[in-house]
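So you can see what is in the structure, the chains are spelled out below.
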Amino acid sequence: LMIVAATMSANAANEVTINDSANVAVGDTFTYSMFISDAQSGIMGMQAYVFYDTDYLEIDTSSISFETLNGVIFNGNLDGYMTFNFSDINNYADFSSRSQLVSMNFKVKKAGNTNVRYFIKEMYDSNMVTLSAYTITYDIVYNEKRIRRQGGSLWHRQKIIQKF
């Protein structure tokens, strides 16, 4: 019994726990992807941020990708966050069903607990009206295992309702 406890403790000392849902070994890389769904209209533009703790994580700026968006401008070389915005007056982004917003890889620098968080500063439709209801989910992929959460299941789903 003591050997098992020591083994578990040693493994935990070599991992970081991300968003209370994924354990990744120090030195390894994982993918963090954000998705939007349930948007009531096409999105013409937005500005958003992804925050992370540089004590624990190092972003791979060459891995940052935007599968659904055109005209993206981003900066991943900031201390503890990356920011992006886009505007496309000809091709609105369709997030009526679950579609990837952004994806990026992080390398784990040290063991402990940390979070990767996001903030949508603004998101507007073709009439320059701020979207007031949509759903954001994220996936963490490590060792070919996709981790999502919602309550006790394997989905993390956060309903975002913005009122201005």
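Computed from a predicted structure; not experimentally measured.

What about the pairing of strand S1 (residues 15-18)?
Going residue by residue along S1, you find Val-16 and Ile-18 tucked away on one face and Glu-15 and Thr-17 left uncovered on the opposite face. Across four bridges, S1 lies against strand S2 (residues 22-25) in antiparallel orientation. Within S2, the position partnered with Val-16 by the bridge is Val-24. Linking two consecutive strands that pair antiparallel, namely S1 and S2, is a turn of three residues; a positive phi of about 50° is found at Asn-19 within it. In this structure, S1 lies alongside strand S9 (residues 112-114), joined through three bridges in parallel fashion. Residue Val-16 lies in a different strand from S9, and its bridge partner there is Gly-112.

Structural notes on the sheet that holds S9
The pairing of strands in a sheet happens through backbone hydrogen bonds and is either parallel or antiparallel. Strand order in the open sheet formed by three strands is S2-S1-S9, and the pairing between neighbours is mixed. Edge positions in the sheet fall to S2 and S9, since each has one partner strand and no second. Ignoring strand direction, the axes of neighbouring strands in this sheet form an average angle of 30°.

Some thoughts on the packing of aromatic side chains
Taken as a whole and judged by the stated rule, the model has nine aromatic pairs. On the basis of an interplanar angle of 50° and a centroid distance of 5.5 Å, the ring pair of Phe-66 and Phe-74 is categorised as tilted. Members of the aromatic cluster, joined through ring pairs, are Tyr-49, Phe-51, Tyr-81 and Phe-119. Positioned above the aromatic ring of Phe-35 is the side chain of Arg-98, whose terminal nitrogen or guanidinium carbon lies 3.7 Å from the ring centre. The ring of Tyr-56 carries Lys-110 above its face, with NZ or CZ at 4.9 Å from the centroid.

A closer look at the confidence of the model for the protein
Keep in mind that low pLDDT regions are not for reading the predicted coordinates in detail. Taken over all residues, the pLDDT of the protein has a mean of 84, while the share at 70 or more is 82%. Every residue in residues 1-10 is under pLDDT 50, and counting partners more than four places away or in other chains gives zero contacts. Across residues 150-164, where pLDDT falls below 50, the model places 36 contacts with residues more than four positions away in sequence or in other chains.

Comments concerning unusual backbone geometry
Non-glycine residue Met-128 carries a positive phi angle of around 60°. Mapped onto the fold, Met-128 is located in the loop between strand S10 (116-124) and strand S11 (133-142). Although it is not a glycine, Asn-143 sits at a positive phi angle of roughly 50°. Inspection of the secondary structure assignment puts Asn-143 in the loop between S11 and strand S12 (145-147). Owing to a relative accessible area of 55%, Asn-143 belongs among the exposed residues under this scheme.

Focus: the environment of Ala-111
Assignment of secondary structure puts Ala-111 in the loop between strand S8 (99-108) and S9. When its relative accessible area of 26% is taken as the criterion, Ala-111 is described as partly exposed. Placed 97 residues apart in sequence, Ala-111 and Asn-14 show a C-alpha to C-alpha distance of 5.4 Å.

Digging into the pattern of salt bridges
In this structure the tally under the stated criterion is two salt bridges. Between Asp-139 and Arg-98 there is a salt bridge, with the nearest N and O atoms lying 2.8 Å from each other. Separated by 41 residues along the polypeptide, Asp-139 in strand S11 and Arg-98 in the loop between strand S7 (81-87) and S8 bring together distant segments of the chain. The exposure class of Asp-139 is buried, given its relative accessible area of 0%. Given a relative accessible area of 30%, Arg-98 falls into the partly exposed group.

Conventions we followed
- Residues numbered from 1 in each chain as written.
- Predicted model: local features only at pLDDT ≥ 70, side-chain atom pairs only at ≥ 80, totals over all residues.
- Heavy atoms only, no water.
- Buried < 20%, exposed > 50% of the residue type's maximum accessible area, 1.4 Å probe, protein only.
- Helix = DSSP H or I, 4+ residues; strand = E, 2+ residues; numbered from the N terminus.
- Pairing = 2+ DSSP bridges.
- Axes fitted to C-alpha atoms, helices over the stretch in contact; angles between N-to-C directions.
- Phe/Tyr/Trp six-rings, centres within 6.5 Å; stacked < 30°, edge-to-face > 60°.
- Lys NZ or Arg CZ within 6 Å of the ring centre and 35° of its normal.
- pLDDT = per-residue confidence, 0-100.
- Contact = heavy atoms within 4.5 Å.
- Salt bridge = Lys/Arg side-chain N within 4 Å of Asp/Glu carboxyl O.

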